[in-house]
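Per-entry structural report
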Amino acid sequence: MATATAHEVDNTLFDPAVRPPLVTGEASLGSITEQVASLAERPHPPRAWTIAFAISSSLTVMLFGLIGYLIATGVGVWGNNSPVAWGWPIVNFVFWVGIGHAGTLISAILFLFRQDWRTSINRFAEAMTIFAVTCAGIFPAIHIGRVWFAYWLAPLPNSLAMWPNFRSPLLWDVFAVTAYATVSGMFWYLGMLPDLATLRDRASTRVRKIAYGIASLGWTGSSKQWRLFEMAYLLLAALATPLVLSVHTIVSFDFAVSQVPGWHTTIFPPYFVAGAVFSGFAMVITLMVPAREFFGLKNLVTLRHLENMCKIVLATGMMVGYAYAAEFFIAWYGGNQYEQFAFVNRALGPYAWAYWTMVSCNVLAPQLFWFKAIRTNPWAMVGICVLVNIGMWFERFVITVTSLSRDFLPSSWGYFAPTLVDVLMFVGSFGLFFTLFLLFCRFLPMVAMAEVKSVLPAEEDQNRS
Amino acid sequence: MSTATTTRPAAPAESEVRIGGLLAEFTSADAVVAATRKLRAAGYLKLEVFSPHPIHGIDKVLAAKRPLLPWAALIGAAIGLSGGFWMAWWMNAIDYPFIISGKPMFSFLPSLPVAFELAILLAAFAVFGGTIILSGLPRPANRLFRIPAFARATNDRFFIAIDQTDSAFEANRTRSQLYDAGSAGVESIPILDPKESKLPRGLIMTALALGVTALIPPVLIAKARHTTSETPRLSLIADMDHQPKFKAQTTNPLFADGRSMRPQVAGTIAQGDLREDAALNRGIRSESENSDSAMTDGFPGDTLLASLESEGVPPSIADGDTLQTPDWVTDFPLAVDEKLIRRGKQRYEIFCATCHGIGGDGDGLVTLRALELEQGTWVKPTSLHAEPIRNQPVGQLYNVISNGVRKMPGYASQIPVNDRWAIVSYLKALQKTRTATSEDVPPDVLPNMRELN
């Protein structure tokens, strides 16, 4: 890790006449391979990794233990109860699915817009997407109560001679999340093939040779393979772009298609998508800053990358803030007293503490990114992005719980309280997320080497000629 | 030979030995593009370029065709889209018709999300699968992997491989041409011994064994589904399948009579069931009742039947000439004022008018529709202005509303007691409108009658 990591180079100044470099320091093809691949080749992980892995894997074990307890006992171990039948499990599901949006957005949409700066962070963000979607998928799967009937979610021929209801947003959700997880996985794996081949060719032990040999499928980097690879990557990006927008739209339909006051609004799809991008980018920054610090990737993931992401967080944060305001406006303008009550109750009712936590974290905190000093200070970003993620969790909590706890019938009103199992399962899902993430950092190429190589200044000139 | 040498080695002595081709190493993308151009000009067609990252422009030099992947994506998307719509239509409108709020069985918009997601999913499968297959992957054994220097093809070096089947190939001449094109080192590509490229026997046997083992669970499931068994089914979560409680209509060994449903204890009334005032609650004079059930809401028929059985008269539902007529109250058991009658009018128009008609002539909308359908099962309601009905005591009218008569169902569960009396009071007023004369009107109101309309 001797290469060009000693000090931070400021490449955030924008001069239209000079293209700022995407990779700083004296980088060559070989040095990038060496820098990235050697991270996955260390015989022993650093102590910090070991400690983090010990903690996160213990939490994962706890999560699966609790899932076992839940299955054996029933969903009564959660705080979900009439009238709030959608408590923490659904809040956590939407939270994780939202986080899972940044990866594909960076990979696909920024790729289509030819934002070359994405190459250093896309692998990282895609991995995060897949792990977040994994965490998300767990909650609705166990929320169905009798998990051994989970296959009823899919349109499979069964002895009841019944089919699922294709007019239900919950079924759309099954298709959307499954398709999203599958396509993201294929996108991630296909993009990683050349880098897995690099690891195979550098492997020094027999086990690694066989493992990476199988994983890389025999990739050689021939011009024919690259031709197919590039076209496939473009096509998958073009397919993933509408997909990523549709997934959170459909998640928002789970709410918007119902008639509960506070849910039944047309603003939900764009509002949810903006929120998903917002939370996803915040999570990428939260993970990226420590990772570039610990793994010495400052020359590849430069300040300019981080600054660009901060700008996206600021922009999407203001979209989310606009949506909060628009909801209130429509509640007043629409003249529906139930809707009006739902929103007044959100801001001033028993869950006002959650509502104002959400507003301060999601709308006020990102405003600090107007200042360049904060936008270029990695640890300040992490602080703000952690706040954003807290705020986004509360957003889902506010939407789900305030509306359900105060619906049309005052006789059924109640106050939702989570149980210890609720809390520990949410903590456990973070354990699972970080476990997968740490394994990824340990064994897979964290940065898309082949893609970064093609944006090196020298290669870029060649490619543009 | 991992580092390229700049000095040109002499042609190997064993050049007579057949080789698979030649592999030339280059240090930069520019060099490999220039060399490819030169070699193409020299007539080589079967050459392949290897690089650690995609080289733009090489496709033009190699005169490569555009891959057909977009067509694969289009076909995948078309199958997904039509398959999604087909599922929504066939599964919800044909095979298992889903009736939801009387909406059409199939409509376009709600079927769109699933069709859209499937289109994307299948297109992505087509692209991914197409790329893997067209790239010739998976291909774990490749003769190029036998050349140590080739390991840098995925790192920082560029290679050109020329196959020996190329018509322009001649080992020594090609070798020197490659050096002339700027190669940093040329190596012979070995011919793989077919035996060598085979998978190890142990691996094949293991895979076979695993494959056969993997078939066992589905076979067992298939057997279980298509045969009968005498053993009780498995309860994965025993306390959900067998909950410690007694259900209705089952036996319970804890009680002497063995019933799990407990009868009411003699001499008691369940909470909320106390109906002390028989005149108000049942429309019967209190002093005429003597049984326990007078205190509760029981069906008056119970009392009727009990009295019939004791008197040995065959039960009949006909308005009893031979039966002992209950002692209906003739006066309202609650204060009648204009407010009550107005309340009664409102309730009447909600609950009664649909069949009896607003004016009580038995011409409500439901009645008209039923007669139009000519189903034959509909009994037209008696006009509420008919003589026998006009003469019924208020207690009997109240009883009819509560418990029904002939085909009319009882409304006790839908209309509270006071509202039933309110309806009776309105009904009396309604009947009066047909029989009243100007003498019935108080003299001080009479001059204003027209205005009262």
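Conventions adopted
- Residues numbered from 1 in each chain as written.
- Chains lettered and ligands numbered in written order.
- Predicted model: local features only at pLDDT ≥ 70, side-chain atom pairs only at ≥ 80, totals over all residues.
- Heavy atoms only, no water.
- Helix = DSSP H or I, 4+ residues; strand = E, 2+ residues; numbered from the N terminus.
- Buried < 20%, exposed > 50% of the residue type's maximum accessible area, 1.4 Å probe, protein only.
- Contact = heavy atoms within 4.5 Å.
- Areas by Shrake-Rupley, 256 points an atom, 1.4 Å probe, with all protein chains shown as cover.
- Lys, Arg positive; Asp, Glu negative; His and termini not counted.
- Charge placed at Lys NZ, Arg CZ, Asp CG, Glu CD.
- Expected span 1.5 Å × (residues − 1).
- pLDDT = per-residue confidence, 0-100.
- Pairing = 2+ DSSP bridges.
- Axes fitted to C-alpha atoms, helices over the stretch in contact; angles between N-to-C directions.
- Phe/Tyr/Trp six-rings, centres within 6.5 Å; stacked < 30°, edge-to-face > 60°.
- Lys NZ or Arg CZ within 6 Å of the ring centre and 35° of its normal.
- Buried area = accessible area lost by both parts, 1.4 Å probe.
- Salt bridge = Lys/Arg side-chain N within 4 Å of Asp/Glu carboxyl O.
- Nonpolar A, V, L, I, M, F, W, Y, C, P; charged D, E, K, R; others polar.
- Parallel < 35°, antiparallel > 145°, perpendicular 65-115°, else oblique.
- Disulfide = S-S within 2.5 Å.
- Arc of directions from axis to C-beta.

On to the overall build of chain A, then. Each helix and strand in chain A was counted, giving 17 helices and zero strands. Principal-axis analysis of the C-alpha atoms places the extent of chain A at approximately 70 × 55 × 40 Å. Counting over 465 residues, chain A shows a buried share of 61%. The long-range fraction of contacts in chain A, counting pairs at least 24 apart against all pairs at least 6 apart in sequence, stands at 82%. In the structure as shown, chain A presents an accessible area of about 17,700 Å², 70% of it carried by carbon and sulfur atoms. Between the mean site of the 27 positive side-chain charges and the mean site of the 24 negative ones, chain A shows a separation of 6 Å.

Further remarks concern the overall build of chain B. Along its length, chain B carries 15 helices and six strands. Residue burial in chain B is summarised as follows: out of 453 residues, 34% are buried. Here the analysis covers contacts within chain B between residues at least 6 apart in sequence; of these, 64% occur between residues at least 24 apart. Carbon together with sulfur atoms contributes 60% to the accessible area of chain B, which is approximately 28,400 Å² in total.

All right, on to helix H3 (residues 88-99) of chain A then. All names here are of chain A. Relative to the 16 Å expected for 12 residues at 1.5 Å per residue, H3 spans 16 Å between its end C-alpha atoms, a close match to the ideal helical length. For H3, the tally of buried residues reaches 12 of 12 residues, placing the bulk of the element in the interior. Where H3 is concerned, the buried positions are Trp88, Pro89, Ile90, Val91, Asn92, Phe93, Val94, Phe95, Trp96, Val97, Gly98 and Ile99.

A few words now on the environment of A:Ile121. All names here are of chain A. Counting through the fold element by element, Ile121 comes out in the loop between helix H4 (101-112) and helix H5 (122-143). Classification of Ile121 by relative accessible area gives buried; the value is 0%. Those residues in contact with Ile121, other than ones at most four positions away along the chain, are Ile106, Met288, Val301 and Met309.

Once that is clear, we can look at the confidence of the model for chain A. With 92% of its residues at a pLDDT of at least 70, chain A reaches an overall mean of 85. For residues 1-6 of chain A, every residue scores under 50 in pLDDT, and the model assigns this stretch 14 contacts once sequence neighbours within four places are set aside.

Moving on, we come to the sheet that holds strand E4 (residues 185-189) of chain B. All names here are of chain B. The four strands lie next to each other as E2-E3-E1-E4, forming an open sheet whose pairing is antiparallel. Each having just a single partner strand, strand E2 (47-50) and E4 make up the two edges of the open sheet. Pairs of neighbouring strands in the sheet enclose a mean axial angle of 20°, with direction left out of account. With four bridges connecting them, E2 and strand E3 (residues 158-163) associate as antiparallel partners. The residue of E3 that forms the bridge with Glu48 is Ala161.

A few words on the packing of aromatic side chains. The tally for this structure, following the rule as stated, stands at 66 aromatic pairs over all chains. Summarising the aromatic geometry, the rings of A:Trp393 and A:Phe426 are spaced 5.4 Å apart at their centres and angled 35° between planes, so their arrangement reads as tilted. Of this pair, A:Trp393 sits in helix H14 (residues 378-405) while A:Phe426 sits in helix H15 (residues 420-443), placing them 33 residues apart in sequence. Summarising the burial analysis for this pair, A:Trp393 and A:Phe426 share the class buried. Across the ring face of B:Phe255, the terminal group of B:Arg262 is positioned such that the distance to the ring centre comes to 3.6 Å.

A few words on the interface of chain A and chain B. Counting residues at the interface gives 61 residues for chain A, matched by 67 residues for chain B. A buried area of about 5,900 Å², summed over both sides, lies between chain A and chain B, and 69% of it is on carbon and sulfur atoms. The largest per-residue losses of area from chain A upon contact with chain B belong to A:Trp163, A:Phe166 and A:Arg167, which jointly make up 14% of the total buried on that side. The interface formed by chain A and chain B includes zero salt bridges. Top element by residues in the side of chain A that touches chain B is helix H8 (residues 223-256) of chain A. It accounts for 17 residues. Each residue belonging to the side of chain A that touches chain B can be placed in one class, and the counts come to 35 nonpolar, 16 polar and 10 charged.

Okay, unusual backbone geometry next. Trans is the prevailing form of peptide bonds, just as negative phi is the prevailing case for residues other than glycine. A cis amide bond links A:Ser82 to the next residue, A:Pro83, at an omega of 5°. By the element assignment, A:Pro83 lies in the loop between helix H2 (47-73) and H3. Cis geometry marks the peptide bond from B:Leu137 to B:Pro138; its omega dihedral reads -5°. Take B:Pro138: it is sitting in the loop between helix H4 (108-134) and E3.

Residue and element names in this part refer to chain A. In the contact formed by helix H1 (residues 29-39) and helix H6 (residues 169-202), the axes pass within 11 Å of each other and the chain directions differ by 85°. With respect to H6, the axis of H1 lies roughly perpendicular. Here H1 contributes Thr33, Glu34, Ala37 and Ser38 to the contact with H6, which in turn contributes Thr198, Leu199 and Arg202.

Note on terminology: disulfide describes a covalent bond linking the sulfur atoms of two cysteines. Inspection of every chain in the model, using the stated rule, returns zero disulfides over all chains. No disulfide involves A:Cys310; its nearest neighbouring cysteine sulfur is the one of A:Cys385, lying 5.9 Å away. Judged by relative accessible area, A:Cys310 falls into the buried class, the value being 0%. Its sulfur unpaired, B:Cys352 is 9.1 Å from the next cysteine sulfur, which belongs to B:Cys355. Classification of B:Cys352 as buried rests on a relative accessible area of 14%.

Moving on, we get to helix H7 (residues 206-215) of chain A. Residues and elements named next belong to chain A. Buried residues of H7: Arg208, Tyr212 and Gly213, and no others. Considered in projection along H7, the buried side chains sweep an arc of 125° and stay on one side of the axis. Facing away from the buried surface of H7 by more than 90 degrees, the exposed residues are Arg206, Val207 and Ile214. Residues of H7 that are buried in the fold lie against H6 and H15. A positive phi of about 60° marks Leu217, the residue just after H7.

With that settled, the discussion passes to the pattern of salt bridges. Going through the model one piece at a time under the given rule, you end up with 15 salt bridges over all chains. Linking A:Glu327 and A:Arg346 is a salt bridge whose minimum nitrogen-to-oxygen distance equals 3.6 Å. Of this pair, A:Glu327 sits in helix H10 (residues 303-334) while A:Arg346 sits in helix H11 (residues 337-348), and the two are 19 residues apart along the sequence. The burial state of A:Glu327 is the same as that of A:Arg346; both residues are buried. For B:Asp361, the salt bridge identified is with B:Arg434, shortest N-O distance 2.9 Å. Residue B:Asp361 is found in the loop between helix H10 (338-356) and helix H11 (365-373), and its partner B:Arg434 is found in helix H14 (residues 417-435); the two are separated by 73 residues along the sequence. Given a relative accessible area of 45%, B:Arg434 falls into the partly exposed group.

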